[in-house]
Amino acid sequence: MKEIKKAFGVMPASMTIWQSDQSYDKKGMEKYLRWLIDQGAHSLSICGSTGENIAMEMNEQKEIIEHVVRFIDGEVPVYCGTGRYATLHTVELSKFAQDVGADGVMVILPFYLNPHKRAVMDHFRELRRNIDINIMIYNNPWFAGYELTPVEIETLLNEGVINSIKAAHGDANRVHELKFHCGDRLDVFYGHDYAAMEALLAKADGWLSGFPGILPQPCRQLFDICVKEKDVEKANRQQYKMQPFIDYFFYDKVNGVPHWQEICKYVLAAQGLEVGLPRRPLRALDDANKKKVDKLLADLL
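A few words now on the overall build of the protein chain. For the protein chain, the count of helices and strands is 13 helices and eight strands. In terms of overall size, the protein chain behaves like a compact globule, its C-alpha atoms giving a radius of gyration of 18 Å where 301 residues would be expected to give roughly 19 Å. Overall size of the protein chain, expressed as C-alpha extent along the three principal axes, is 50 × 45 × 40 Å. Across the 301 residues in the protein chain, those meeting the buried criterion constitute 57%. Nonlocal contacts in the protein chain, meaning residues at least 24 apart in sequence, comprise 69% of its contacts between residues at least 6 apart. In the form shown here, the protein chain has an accessible surface area of approximately 13300 Å², with 51% of it arising from carbon and sulfur atoms. Measuring between centres, the 36 positive side-chain charges of the protein chain sit 0 Å from its 41 negative side-chain charges.

As structure tokens, this is what we get:
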């Protein structure tokens, strides 16, 4: 039986690579994942929000999960996004991930219909009754519409339901709260992009978000400075080096344009990777923003 590996460290929220006809690009995905690992990724997350799981059919998502897990073949831990609104669909997809050899599943809270917390807690309990691999709860209030509190997370941890959490709110204080309530029994991954330095210095166990999936080298550098060297001044210098890109990514928009998915795909293309475009309705980054990204990358990389 395959050894289950626990996720740790810099964990890119990997994008999904599409061909020009918007079908899955296996070879492109393999090159991209190889690049992430070579650039310093410790673990991998696939088919999450950054991976456009919302744009996938169930069977297609299974195809991608199986392909990636078999391609990585145990080299690094692989956690698969398997969260659906319906518990039976979440269980089905998670059991599939387990059967093909995934190390864990990353499960977003049931979304859109905004279920009450009792139902949400039972959703995860039912999932644990059906799988044995690691369950990472994806606490993302921006996409789910709500989040579980540290006490609710602690309850699921004490029951043996979950092993880790992607805390995607963005506030590094989530790391403090979760570590205070759960200690080292819970692996806490900072799940946003702009305050990773603070989260890592607050003893997050890892960094799982979109930036490591498009800028793995500077993200790995920041991780090593915070976690291995524990050098606050040096970490602050690395943060300031990344800050112009952070400011652009989050704030330089007109009526929501450009979308972060469009930026991410171009950032990879600008580094020489053939990654295609996001699935429609999103499109290619416009020329004016491509020039901005080119300048930012020239200063950062």
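On we go from here.
On to the state of the cysteines. Evaluation of the coordinates by the stated rule reveals zero disulfides. Looking at Cys-80, it has no disulfide partner, and the nearest cysteine sulfur is the one in Cys-47, 6.5 Å off. The cysteine Cys-219 is free of any disulfide, with Cys-264 supplying the nearest cysteine sulfur at 11 Å. Using a relative accessible area of 0% as the deciding quantity, one classes Cys-219 as buried.

Our focus in this paragraph is helix 2 (residues 58-72). Taking 1.5 Å per residue as the helical rise, helix 2 with its 15 residues ought to reach 21 Å, and the 21 Å between its terminal C-alpha atoms agrees with that figure. Three or more residues of helix 2 are buried, namely Met-58, Glu-60, Gln-61, Lys-62, Ile-64, Ile-65, His-67, Val-68, Val-69 and Ile-72. Close packing links the buried residues of helix 2 with helix 1 (26-38), strand 2 (44-46), strand 3 (78-81) and helix 3 (87-100). Taken from the residues just after helix 2, Asp-73 is the one with a positive phi, measuring 55°.

A few words now on the packing of helix 11 (residues 232-251) against helix 13 (residues 287-300). Relative orientation of the contacting elements helix 11 and helix 13 amounts to 165°, with a least axis distance of 9 Å. The angle between helix 11 and helix 13 places the two elements in the roughly antiparallel class. For the element pair helix 11 and helix 13, the recorded crossing hand is left-handed. Counted together, Lys-241, Met-242, Pro-244, Phe-245 and Tyr-248 of helix 11 and Asn-289, Lys-292, Val-293, Leu-296, Asp-299 and Leu-300 of helix 13 form the full contact between these two elements. A per-class count over the contact of helix 11 with helix 13 returns seven nonpolar, one polar and three charged.

The first and last C-alpha atoms of helix 1 sit 18 Å apart over 13 residues, in line with the 18 Å expected at 1.5 Å per residue. For helix 1, the set of buried residues is Gly-28, Met-29, Glu-30, Tyr-32, Leu-33, Trp-35, Leu-36 and Ile-37. In the core, the buried residues of helix 1 are packed alongside strand 2, helix 2, helix 9 (210-214), helix 10 (216-229) and helix 12 (260-270). Of the residues that open helix 1, the one with a side-chain oxygen 3.4 Å from the backbone nitrogen of Lys-27 is Asp-25. Gly-40 occupies a position one or two residues after helix 1 and carries a positive phi of about 120°.

The sheet built from eight strands is open, its strands ordered 1-8-7-6-5-4-3-2 with parallel pairing. Two strands bound the open sheet, and with one partner strand each, they are strand 1 (9-10) and strand 2. Pairing of strand 3 with strand 4 (residues 104-108), which is carried by three bridges, proceeds in the parallel orientation. Note that in strand 4 the partner of Tyr-79 across the bridge is Gly-104.

Right, let's get into the pattern of salt bridges. Counted by the stated rule, this structure contains 21 salt bridges. Between Glu-75 and Arg-34 there is a salt bridge, with its nearest N and O atoms 2.8 Å apart. Of the two residues, Glu-75 sits in the loop between helix 2 and strand 3 while Arg-34 sits in helix 1, which places them 41 residues apart along the sequence. With a relative accessible area of 30%, Arg-34 lands in the partly exposed category. Measuring nitrogen to oxygen at the nearest pair gives 4.0 Å for the salt bridge that ties Asp-224 to Lys-228. You can see Asp-224 and its partner Lys-228 sitting in helix 10, four residues apart, about one turn around the helix. Given a relative accessible area of 56%, Lys-228 falls into the exposed group. Connected through salt bridges with shared partners, the residues Arg-34, Asp-38 and Glu-75 form a single ionic network.

Parameters at a glance
- Positions within a chain are numbered from 1, following the residues in the order the chain's sequence is written.
- Residue-level local features of this predicted model are given only where pLDDT is at least 70; pairs of side-chain atoms are given and counted only at 80 or more, and the full residue set underlies all totals for whole chains, interfaces and linings.
- Values reported for side chains reflect all heavy atoms of the structure, with hydrogen atoms and water molecules removed beforehand.
- Only DSSP runs of H or I with at least four residues qualify as helices, and only runs of E with at least two residues qualify as strands; both kinds are numbered from the N terminus onward.
- A radius of gyration in this sense is built from C-alpha atoms; the matching globule rule multiplies 2.2 Å by the number of residues raised to 0.38.
- Burial classification: accessible surface area is computed with a 1.4 Å probe over protein chains only, and a residue below 20% of its type maximum counts as buried, one above 50% as exposed, and the rest as partly exposed.
- The contact definition used throughout considers only heavy atoms, calling two residues in contact when any of these lie within 4.5 Å.
- Accessibility throughout is a Shrake-Rupley quantity obtained with a 1.4 Å probe, and a residue counts as covered only by protein chains that appear here.
- None of His or the chain ends enter the tally, which takes Lys and Arg as positive and Asp and Glu as negative.
- Each charge is placed at NZ for Lys, CZ for Arg, CG for Asp and CD for Glu.
- Working definition: a disulfide is two cysteine sulfur atoms within 2.5 Å of each other.
- Multiplying 1.5 Å by the helix residue count minus one yields the expected span of that helix.
- The angle between two axes is taken between their N-to-C directions and runs from 0 to 180 degrees, where each axis is a line fitted to C-alpha atoms and a helix contributes only its stretch in contact.
- Should an angle fall under 35 degrees it is called roughly parallel, over 145 degrees roughly antiparallel, and 65 to 115 degrees roughly perpendicular, with every other angle called oblique.
- Should the near helix be turned anticlockwise from the far one by less than a right angle, the crossing is termed left-handed; should it be turned clockwise, right-handed.
- Residue classes follow a fixed rule: Ala, Val, Leu, Ile, Met, Phe, Trp, Tyr, Cys and Pro count as nonpolar, while Asp, Glu, Lys and Arg count as charged, and any other residue, Gly among them, counts as polar.
- Identification of polar contacts relies on pairs of N or O atoms within 3.5 Å, with a donor-acceptor requirement for protein atoms, meaning one able to donate a hydrogen and the other able to accept it, and with residues adjacent in sequence counted only if both atoms are side-chain atoms.
- A pair of strands is treated as paired once DSSP finds two or more bridges between them.
- Salt bridge, as used here, is a side-chain nitrogen of Lys or Arg placed within 4 Å of a carboxyl oxygen of Asp or Glu.

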